[in-house]
Amino acid sequence: MKKIEHIGIAVKDLSQACDLYEQLLGVPCYKKESVWCEGVEVAFFQTGDNKIELLSALNDESPISGFLEKRGEGIHHIAFEVEDIFFEMERLKGKGFVLLSEKPKKGADNKLICFVHPRNTRGVLIEICQEIKPQ
Ligand code: ZN
């Protein structure tokens, strides 16, 4: 894995959280996006080489709704950038990690993504992501 690509933070109200993080980080949100298939609305901030992704639920079936109910607002996942997500998924499966999808999914911010179940990672939800390169 190459580096931490972003840290995902679950929030109840995206626009309020955006205002707060703009003040905190001193940079404006550079992208907002709704990922309907995942039931999440996200906002991204860039600080140096790193990104923060704020996530809120679009509906009650959203995994973010469940997370907020169980754990409240806070760090939701850590995302690592990988060169070849198919290779990394096979590698992780081979080591006994449980992946949350069979195939990579199209995530926010022009990425292919896959999550690793937190039960194998000491309670931390890990995302691996690969930039979708223009054809
Ligand atoms: Zn993420």
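Residues numbered from 1 in each chain as written. Predicted model: local features only at pLDDT ≥ 70, side-chain atom pairs only at ≥ 80, totals over all residues. Heavy atoms only, no water.

Colleague: Any details on the overall build of the chain? Residues and values, ideally.
Modeller: Helix and strand counts for the chain come out as three helices and eight strands. In sequence order, the secondary structure elements of the chain are arranged as β-α-β-β-β-α-β-α-β-β-β. Whereas a compact globule of 135 residues would reach a radius of gyration of roughly 14 Å, the chain reaches 15 Å, a difference of no more than 12%. Taking all 135 residues of the chain together, the buried fraction comes to 42%. (Helix = DSSP H or I, 4+ residues; strand = E, 2+ residues; numbered from the N terminus. Rg over C-alpha atoms; globule rule 2.2 N^0.38 Å. Buried < 20%, exposed > 50% of the residue type's maximum accessible area, 1.4 Å probe, protein only.)

Colleague: How would you summarise a negative patch on the surface if you had to cite specific residues and measurements?
Modeller: A cluster of acidic residues, Asp13, Asp19, Glu22 and Glu73, forms a negative patch at the surface. The topology assignment puts Glu73 in the loop between helix 2 (63–71) and strand 5 (74–81). (Patch = residues over 30% accessible without salt bridge, like charges linked within 9 Å, V, L, I, M, F, W, Y side chains within 5 Å. Areas by Shrake-Rupley, 256 points an atom, 1.4 Å probe, with all protein chains shown as cover. Salt bridge = Lys/Arg side-chain N within 4 Å of Asp/Glu carboxyl O. Lys, Arg positive; Asp, Glu negative; His and termini not counted. Charge placed at Lys NZ, Arg CZ, Asp CG, Glu CD.)

Colleague: Could you give me a rundown of the pairing of strand 3 (residues 40–47), with the residues and numbers involved?
Modeller: Pairing of strand 2 (residues 31–35) with strand 3 involves five bridges; the strand directions are antiparallel. When the sheet's bridge partners are listed, Lys31 is paired in strand 3 with Phe44. Inspection of the sheet shows strand 3 paired to strand 4 (residues 50–57) by eight bridges, in the antiparallel sense. Looking at the pairing, Gln46 lines up with Lys51 of strand 4. (Pairing = 2+ DSSP bridges.)

Colleague: Could you give an account of the side chain of Ser56, naming the residues involved and the relevant values?
Modeller: Mapped onto the elements, Ser56 comes out in strand 4. Excluding residues that lie within four positions of it along the chain, Ser56 makes contacts with Val11, Lys12, Leu14, Gly39, Val40, Glu41 and Ile64. (Contact = heavy atoms within 4.5 Å.)

Colleague: Tell me about the coordination of the zinc ion, residues and numbers included.
Modeller: Looking at the metal site, the zinc ion is ligated by His6 (NE2), Glu53 (OE), His77 (NE2) and Glu127 (OE), spaced 2.1 to 2.2 Å from it. Around the zinc ion, the four donor atoms sit at angles spanning 84 to 163 degrees, and that spread fits a shape best called irregular. For the zinc ion, the single-chain donor residues occur in sequence as H-x46-E-x23-H-x49-E. Of this pair, Glu53 sits in strand 4 while Glu127 sits in strand 8 (residues 126–131); the two residues are 74 residues apart in sequence, bridging distant segments of the chain. On the basis of relative accessible area, Glu53 is assigned to the buried category, the value being 6%. (Donors = N, O, S within 2.8 Å, 3.2 Å for Na, K, Ca; no water. Tetrahedral: all angles 85-135°; square planar, octahedral: opposite > 155°, others 65-115°.)

Without other data, these values stay purely geometric and don't point to any function.
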